Amino acid sequence: EVRDAENASGTDSIYLSIVPTEAPTASIIRPEGIGVFYSDYPIIFEGMIGDAEDDVSELIYEWSSSVDGTLDVQATVENDGTAKGNAYLNEGIHIITLRVEDKTEKTDSADVTITVGGPNTAPSCEIIDPDGSTVVTVGEMIDFMALGQDADIPNSDLVVEWKSDKMEGRLL
């Protein structure tokens, strides 16, 4: 309503229909809470973001770590809402968070806790038998024995393979 000095008035009105909107959604696919992560290897970050009203290209999202802060994952978002990229993390226990915000400033987040170890160390490998002085005839069976270990992972997770510079393929 508007009034002038003579108290004459004019009015106008409109009817609004207010439609509630939903918050966006966020979920983390990788990294998983289990696994071995090293500070000198990039970690893959993959999540799903979505919203009932807004296109995924209109959503704002970010990856963060409780140790390293906002992460420069340089993820690309596919049409289906998959956001995938990678980043290096410092050693420590990290709570990784994927946060998404839609055009109405509603948010959602998902998190996962991972442990990042120091730089990866190479496994050690030592041939124990046969020693370098062993002589065998062609066709004779040879027993091989070696010791392999890794300071970062259990021995049961190591992949061991015998090779020869004189034979094609793997030795069985």
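These lines cover the structure that appears in this document, whether it is placed above or below. Treat the numbers as computed from the prediction; the structure is a model and nothing was measured.

## Some details on the overall build of the protein chain
Within the protein chain one finds 0 helices and 13 strands. In the protein chain, the order of α-helices and β-strands from amino to carboxyl end is β-β-β-β-β-β-β-β-β-β-β-β-β. Scaling as 2.2 N^0.38, a compact globule of 172 residues should have a C-alpha radius of gyration of about 16 Å, whereas the protein chain reaches 30 Å, well beyond that. With respect to the principal axes defined by its C-alpha atoms, the protein chain has extents near 120 × 30 × 20 Å. Taken over 172 residues, the protein chain has a buried fraction of 23%. Across the protein chain, the fraction of contacts at a sequence separation of at least 24, relative to all contacts at a separation of at least 6, is 56%. The protein chain carries 9 positive and 35 negative side-chain charges, and their two centres are separated by 4 Å.

## A look at the nonpolar core
Within the largest apolar cluster, 18 residues are counted, with the highest numbers of intra-cluster contacts made by Ile43, Phe45, Trp63, Leu71, Leu89, Ile96 and Ile114. What Phe45 contacts, discounting residues up to four positions off in sequence, is Arg30, Pro31, Trp63, Leu71, Val73, Ala83, Lys84, Gly85, Asn86, Ala87, Leu89 and Ile96.

## A short note on the sheet that holds strand β4 (residues 37-38)
Taken together, 5 strands build an open sheet; the order of strands is β4-β11-β10-β6-β7 and the sheet is mixed. Where the open sheet ends on each side, the last strands, each with one partner, are β4 and β7 (69-70).

## Quick look at unusual backbone geometry
At the junction of Arg30 and Pro31, the peptide bond is cis and its omega measures out at 5 degrees in the coordinates. Residue position: Pro31 is located in the loop between β3 (25-30) and β4. Asp129 connects to Pro130 through a cis peptide bond whose omega is 5 degrees. For Gln74, which is not glycine, the phi dihedral falls at a positive 50 degrees. Relative to the assigned elements, Gln74 resides in the loop between β7 and β8 (76-77).

## Let's talk about the layout of surface pockets
Roughly 320 Å³ of volume is contained in the largest pocket. Cys125, Gly148, Val159, Val160 and Glu161 are, among the 14 residues lining the largest pocket, the residues nearest its centre. Breaking the lining of the largest pocket down by element, the ones donating at least two residues are β12 (124-129) and β13 (145-149).

## Section: the side chain of Ser65
Among the structural elements, Ser65 can be located in strand β6 (residues 60-65). Here the side chain of Ser65 touches His94 through a polar contact of 2.6 Å, side chain to side chain. Excluding residues within four positions of it along the chain, Ser65 makes contact with Leu71, Leu89, His94, Ile95 and Ile96.

## A closer look at a nonpolar patch on the surface
A surface patch of nonpolar side chains, about 420 Å² in accessible area, is lined by Ile14, Leu16 and Ile18. On the secondary structure map, Ile14 appears in the loop between β2 (9-10) and β3. Using a relative accessible area of 67% as the deciding quantity, one classes Ile14 as exposed.

## With respect to the side chain of Thr82
Inspection of the secondary structure assignment puts Thr82 in strand β9 (residues 82-87). In this structure the side chain of Thr82 is engaged in a polar contact, spanning 2.9 Å, whose partner is the side chain of Asp80. Among all residues touching Thr82, those that are not within four sequence positions of it are Glu46, Gly47, Met48, Thr76 and Val77.

## Brief notes about the pairing of strand β5 (residues 43-50)
Of all 8 residues in β5, 6 are buried, a share of seventy percent or more. Note that β3 and β5 share 5 bridges and pair antiparallel. Within β5, the residue paired with Ala26 across the bridge is Ile49. As paired strands, β5 and β9 are joined by 6 bridges and run antiparallel to one another.

About the cut-offs
- Residues numbered from 1 in each chain as written.
- Predicted model: local features only at pLDDT ≥ 70, side-chain atom pairs only at ≥ 80, totals over all residues.
- Heavy atoms only, no water.
- Helix = DSSP H or I, 4+ residues; strand = E, 2+ residues; numbered from the N terminus.
- Rg over C-alpha atoms; globule rule 2.2 N^0.38 Å.
- Buried < 20%, exposed > 50% of the residue type's maximum accessible area, 1.4 Å probe, protein only.
- Contact = heavy atoms within 4.5 Å.
- Lys, Arg positive; Asp, Glu negative; His and termini not counted.
- Charge placed at Lys NZ, Arg CZ, Asp CG, Glu CD.
- Core = buried A, V, L, I, M, F, W, Y, C linked by side-chain atoms within 4.5 Å.
- Pairing = 2+ DSSP bridges.
- 1 Å grid on protein atoms, 1.4 Å probe; cavity = no way out; pocket = protein on both sides within 12 Å on 5 of 7 lines; lining within 4 Å.
- Points joined across faces, edges and corners; volume = space filled by probe spheres on them.
- Polar contact = N/O pair within 3.5 Å; in protein donor to acceptor, adjacent residues only side chain to side chain.
- Patch = residues over 30% accessible without salt bridge, like charges linked within 9 Å, V, L, I, M, F, W, Y side chains within 5 Å.
- Areas by Shrake-Rupley, 256 points an atom, 1.4 Å probe, with all protein chains shown as cover.
- Salt bridge = Lys/Arg side-chain N within 4 Å of Asp/Glu carboxyl O.

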